[in-house]
Amino acid sequence: MDMQREGKFQRILDAAIEAFAESGFHQCQVNKIARLAGVADGTIYLYFKSKEDILIRVFQERMGEFIAGVSRELSQCKTTKARLRTIVGTHFIFMEQNRSIAIVTQLELRQSEPRVRLPINVTVLDYFNLIEGVIQQGIECGEVPKIDTRIARQMIFGSLDEATTDWVMARSPRTLSSGIEPMLALFEGALRLRK
């Protein structure tokens, strides 16, 4: 994709995130996305087949970038504790700094039909594999006792996911990042992390 076309593609994705977060996926009309992106309504269909396709690409693109960033950060970590801190901190800070993405991923994608959910599973599996890899590394270096990595990943991802949903839905404002240390302490205890 050339630079101009790529720029327009990214503007449409950014506009879709804002529109879906504000109106909800099902209530949002494509013309709202076009208006926010500063493009003609028909231009959307040069890049995407449908509104569902936009939602899928929003998740694949933005969460793919997030996962790649977490992976880069993890490559610099020397201990399981540092890796867990990276996952928790990066997850919470990213969502806090990108509230509209948090709303879309935590609320709008949950209501989607299978034809939307199935294509995003690949990206979600990448995140699952990243978390399981951290646990496996911890087992291999003796910092985590031998445990079922799938169950441990479910605990970690489930906790991060629920904390983010709770933050998105909170009636009184608070920071998500204030939960980094308590969440890390919870994971250290549950994994019986050896120092």
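Remember, predicted model here, so these are calculated numbers, not experimental data.

Attention now goes to the domain arrangement of the protein. The domain boundaries assigned to the protein delineate domain 1 (1-48) and domain 2 (52-191). Here domain 1 and domain 2 have C-alpha centroids that lie 26 Å from each other. With 16 residues of domain 1 at the interface, the matching set in domain 2 holds 14 residues. Between domain 1 and domain 2 the total buried area reaches about 1400 Å² when both faces are included, carbon and sulfur atoms providing 71% of it. Contact with domain 2 buries area across many residues of domain 1, yet Ile17, Phe25 and Phe48 alone supply 39% of it, more than any other trio. We note a salt bridge from Arg62 to Asp14, for which the minimum N-O separation is 2.6 Å. The tally of links between domain 1 and domain 2 comes to four residue pairs in polar contact (both at pLDDT 80 or more). Of the residues forming the side of domain 1 that touches domain 2, the biggest block, nine residues, is contributed by helix H1 (residues 3-23).

Scanning the model with the defined rule gives seven aromatic pairs in all. Note on Phe20 and Phe25: the rings are 5.2 Å apart at their centroids and 70° apart in plane angle, and the pair reads as edge-to-face. Grouping residues by exposure puts Phe20 and Phe25 together as buried. Every member of this aromatic cluster is reached through a ring pair, and the members are Phe66, Phe94, Tyr127, Phe128 and Phe157. Of note, Arg99 hangs over the ring of Trp167, and the distance from its end group to the ring centre comes to 4.6 Å.

Let us now look at the nonpolar core. Formed by 64 residues in total, the largest nonpolar core has its most connected members in Phe20, Ile33, Ile44, Tyr127 and Leu160. Of the domains in this structure, domain 1 (1-48) and domain 2 (52-191) are the two that each give at least three residues to this core. Aside from chain neighbours lying at most four places away, what touches Leu160 is Ile87, Val88, His91, Phe92, Tyr127, Met183 and Phe187.

Two numbers describe how helix H6 (residues 99-108) lies on helix H8 (residues 149-169): the axes approach to 10 Å, and their chain directions differ by 115°. Considering the relative orientation of H6 and H8, their crossing is left-handed. Along the contact surface, H6 presents Arg99, Ala102, Ile103, Gln106 and Leu107, while H8 presents Asp161, Thr164, Thr165, Trp167, Val168 and Met169. By residue class, the composition of the contact of H6 with H8 is six nonpolar, three polar and two charged.

Moving on to the environment of Cys28. Mapping Cys28 onto the fold places it in the loop between H1 and helix H2 (30-37). Distance from Cys28 to Lys51, taken between C-alpha atoms, is 9.0 Å for residues 23 residues apart in sequence. Residues contacting Cys28, with those up to four places away along its chain left out, are Ala19, Phe20, Ser23, Ile33 and Lys51.

Following the sequence through the fold, Thr105 ends up in helix H6. Note on Thr105: relative accessible area 8%, which makes it buried. A distance of 3.2 Å separates a polar atom in the side chain of Thr105 from the backbone oxygen of Ala102. With residues up to four places along the chain from it excluded, the contact list for Thr105 reads Phe59, Met63, Met95 and Arg110.

With that out of the way, let us pick up unusual backbone geometry. Where the residue is not glycine, phi is negative for most of them; where a peptide bond is considered, it is trans in most cases. The phi dihedral of Arg192 is positive, around 50°, even though this residue is not glycine. Take Arg192: it is sitting in the segment after helix H9 (180-190).

Calculation rules
- Residues numbered from 1 in each chain as written.
- Predicted model: local features only at pLDDT ≥ 70, side-chain atom pairs only at ≥ 80, totals over all residues.
- Heavy atoms only, no water.
- Domains from an automatic or database assignment.
- Contact = heavy atoms within 4.5 Å.
- Buried area = accessible area lost by both parts, 1.4 Å probe.
- Salt bridge = Lys/Arg side-chain N within 4 Å of Asp/Glu carboxyl O.
- Polar contact = N/O pair within 3.5 Å; in protein donor to acceptor, adjacent residues only side chain to side chain.
- Helix = DSSP H or I, 4+ residues; strand = E, 2+ residues; numbered from the N terminus.
- Phe/Tyr/Trp six-rings, centres within 6.5 Å; stacked < 30°, edge-to-face > 60°.
- Buried < 20%, exposed > 50% of the residue type's maximum accessible area, 1.4 Å probe, protein only.
- Lys NZ or Arg CZ within 6 Å of the ring centre and 35° of its normal.
- Core = buried A, V, L, I, M, F, W, Y, C linked by side-chain atoms within 4.5 Å.
- Axes fitted to C-alpha atoms, helices over the stretch in contact; angles between N-to-C directions.
- Left-handed = near helix turned anticlockwise from the far one by under 90°.
- Nonpolar A, V, L, I, M, F, W, Y, C, P; charged D, E, K, R; others polar.

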